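Residues per chain, in single letters:
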Amino acid sequence: MHKRLFIPGPVEVSKDVLEAMATPMIGHRSPEFSELYNRVIPKVKKILYTDQHVFLASSSATGMMEGSIRNLVKGRVLVACNGAFSDRWHEIAVNCGKEADQLKVDWGRAITADMVDEALSTGKYDAFTFTHNETSTGVMSPLEEVAEVLKKYPDVSFLIDAVSCMAGVKIEVDRLGIDCVLAGTQKAWGMPPGLTVFTVSEKAMEKAKTVEGKGSYFNFELFLKYHEKGQTPNTPAISLIFALDHQCDKMLAEGLDRRFARHLEMAARCRAWAKERGFKLFAEENYESVTLTCVENTRGIDVNALNDFLATKGVVISNGYGKRLKGKTFRIAHMGDCTLGELEEVLGYIDEFLNK
Ligand SMILES: *Cc1c(COP(=O)(O)O)cnc(C)c1O
């Protein structure tokens, strides 16, 4: 039996999205492909509130985390670290041979505007990476406020990992002055994995032209060159682009504000449920994620036994992240095409388990 996914990636994918992926194949240098590409990019631009560059990379999000570092770090990068995925960005920067410092807080805490301001005021950095939604801890750091700080530092490129929240929360790329924001499609986009959506500001594109050692696969200049022909630099995940085109239509039909409100409503419900049952939330108050809830296992339940029980109901949630949080937390994702009704259903099953 298929277990419906309530884990923070990959998420459950609707049947109509899977069907869109079964569209007969086309050549990636054909006019049909350019038509598809030129149709989908403007829709993504609407969803991300940008008139600047939007590109599609055929890789998981980590590929473009590396790409953004290679294109936009010239000197030294400051990496905001408050969990496993933000730590990964630091490791990537180091492995790319870049000078990288961590702006580190404990897991469960948010990266705030004041911390960023203090660190950037040293003048040591030409790039800053920010993980908007730390999926390992269920913390959503305050993008609007941090973006306000970055406006004081126009020479610092502003890179954002929005992997587990893009298309689930409003990210106004141009208004916020974001230089590069990226996300894989297997989370709040509600699609299978394998494609990464990312933006590049005009300013960042100009900078990338002056950076050495960008490599080939994730080279922004190549993405731009092919974009002008309605293509990608290499053979893309065409099936996923068909799915993205379909998914964008669905999102725009639902209405972006309604979509974001649906995510907020599910988050509020999940947090209230956890507290009513005597659990705590792992995230610092006021910085809880909108797309997943990381529940602190204060009741000491057996999370594996919970998932075994949920499997008999045909659903699955996520244990805590890695050695550090396994058993101590569990995570319920509520993003993508997930509805409040579906979330209620899962919470009902968890209640059944708790009351056994
Ligand atoms: C899932 C996730 C990633 C990694 O994405 P991949 O597509 O597996 O490479 C990076 N950052 C965050 C915040 C994530 O949730």
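Look up a bit, the structure's there.
Quick word on the overall build of the chain
Consideration 1: A tally of regular secondary structure across the chain gives 13 helices and 15 strands.
Consideration 2: At 20 Å, the chain has a C-alpha radius of gyration in line with the 21 Å of a compact globule built from 356 residues.
Consideration 3: Here the C-alpha coordinates of the chain stretch approximately 60 × 55 × 35 Å along the principal axes.
Consideration 4: Going through the 356 residues of the chain one by one, you find that 61% of them count as buried.
Consideration 5: Contacts in the chain between residues at least 24 apart in sequence constitute 71% of all its contacts with a sequence separation of at least 6.
Consideration 6: Of the accessible surface of the chain, which amounts to about 14,100 Å², a share of 50% is contributed by carbon and sulfur atoms.

Things to note about the nonpolar core
Consideration 1: Counting 90 residues, the largest nonpolar core has Phe 128, Phe 158, Trp 189 and Leu 244 as its most contacted members.
Consideration 2: By residue number, the principal contributor to this core is helix α9 (residues 238–254), which donates eight residues.
Consideration 3: Counting contributing residues, this core receives three or more from each of domain 1 (4–10 + 256–355) and domain 2 (16–253).
Consideration 4: Ignoring sequence-local partners within four residues, the contact set of Phe 158 consists of Phe 128, Phe 130, Leu 143, Val 146, Ala 147, Leu 150, Leu 176, Gly 177, Ile 178, Asp 179 and Cys 180.
Consideration 5: The next biggest cluster of nonpolar side chains, apart from the first, holds 25 residues, and it includes Cys 338, Leu 343, Val 346 and Leu 347.

Some points on the sheet that holds strand β12 (residues 292–296)
Consideration 1: An order of β11-β12-β15-β14 is seen for the four strands of this open sheet, with the pairing classed as antiparallel. Only two strands of the sheet have a single partner each, and these edge strands are β11 (280–281) and β14 (318–319).
Consideration 2: The sheet contact formed by β14 and strand β15 (residues 329–333) spans two bridges and is antiparallel. If you follow Asn 319 over to β15, its bridge partner there is Phe 330.

Side note on the environment of Asp 161
Consideration 1: Mapping Asp 161 onto the fold places it in strand β8 (residues 157–161).
Consideration 2: The spatial distance from the C-alpha of Asp 161 to the C-alpha of Asn 133 is 7.6 Å, given a sequence separation of 28 residues.
Consideration 3: Reaching out from Asp 161, the side chain makes a polar contact with the backbone nitrogen of Val 163 at a distance of 2.8 Å.

Things to note about the sheet that holds strand β2 (residues 53–57)
Backbone hydrogen bonds are what pair the strands of a sheet, in a parallel or an antiparallel way.
Consideration 1: As summarised here, the arrangement of the seven strands in space is β2-β10-β9-β8-β5-β3-β4, forming an open sheet in which the pairing is mixed. Either end of the sheet is taken by a strand with one partner, and the two such strands are β2 and β4 (99–104). Within this sheet the neighbouring strands show an average axis-to-axis angle of 20 degrees, counted without direction.
Consideration 2: Examined bridge by bridge, strand β3 (residues 76–81) and β4 share six bridges and lie parallel to one another. In the strand pairing of β4, Arg 76 is matched with Glu 99.
Consideration 3: Here helix α3 (residues 61–72) sits on the sheet in contact with β2, β5 (127–131), β8, β9 (180–184) and β10 (196–200), set at roughly 165 degrees to β9.
Consideration 4: Strands in contact with helix α4 (residues 84–95) are β3, β4, β5, β8 and β9; relative to β3, the strand with the most contacts, it is inclined by about 160 degrees.

What to know about the site of the ligand
Consideration 1: By nearness alone, 13 residues border the ligand, and Ser 60, Thr 62, Thr 135, Asp 161 and Lys 187 come closest of all.
Consideration 2: With respect to the ligand, the side chain of Thr 135 contributes an N or O atom lying 2.4 Å from an oxygen atom.
Consideration 3: Surface burial for the ligand is 90%, taken as the share of its 380 Å² of free accessible area covered by protein chains.
Consideration 4: Sorting the residues of the shell around the ligand by element identifies α3 and α4 as the ones contributing at least two each.
Consideration 5: Top contributing element to the shell around the ligand by residue count: α3, with three residues.
Consideration 6: Looking at the shell around the ligand, its residues break down into four nonpolar, six polar and three charged.

Re the pairing of β15
Consideration 1: For β15, the buried fraction is high: five of the five residues fall into the buried class.
Consideration 2: Taking every second residue as pointing to the same face, both faces of β15 are buried, with Thr 329, Arg 331 and Ala 333 on one and Phe 330 and Ile 332 on the other.
Consideration 3: Bridge count between β12 and β15: five bridges; the pairing is antiparallel. Its bridge partner being in β15, Leu 292 is matched across the sheet by Ala 333.

Re the pairing of β10
Consideration 1: By the criterion of burial, β10 is predominantly enclosed, with five of the five residues buried.
Consideration 2: Of the two faces of β10, both are covered, the one formed by Thr 196, Phe 198 and Val 200 as well as the one formed by Val 197 and Thr 199.
Consideration 3: As defined by bridge partners, β2 adjoins β10 across five bridges and the pair is classed as antiparallel. Bridge pairing in β10 places Ala 57 opposite Thr 196.
Consideration 4: As paired elements, β9 and β10 share three bridges and run antiparallel to each other. In the strand pairing of β10, Leu 182 is matched with Phe 198.

Conventions used here
Residues numbered from 1 in each chain as written. Predicted model: local features only at pLDDT ≥ 70, side-chain atom pairs only at ≥ 80, totals over all residues. Heavy atoms only, no water. Helix = DSSP H or I, 4+ residues; strand = E, 2+ residues; numbered from the N terminus. Rg over C-alpha atoms; globule rule 2.2 N^0.38 Å. Buried < 20%, exposed > 50% of the residue type's maximum accessible area, 1.4 Å probe, protein only. Contact = heavy atoms within 4.5 Å. Areas by Shrake-Rupley, 256 points an atom, 1.4 Å probe, with all protein chains shown as cover. Core = buried A, V, L, I, M, F, W, Y, C linked by side-chain atoms within 4.5 Å. Domains from an automatic or database assignment. Pairing = 2+ DSSP bridges. Polar contact = N/O pair within 3.5 Å; in protein donor to acceptor, adjacent residues only side chain to side chain. Axes fitted to C-alpha atoms, helices over the stretch in contact; angles between N-to-C directions. Near = heavy atom within 4 Å. Nonpolar A, V, L, I, M, F, W, Y, C, P; charged D, E, K, R; others polar.

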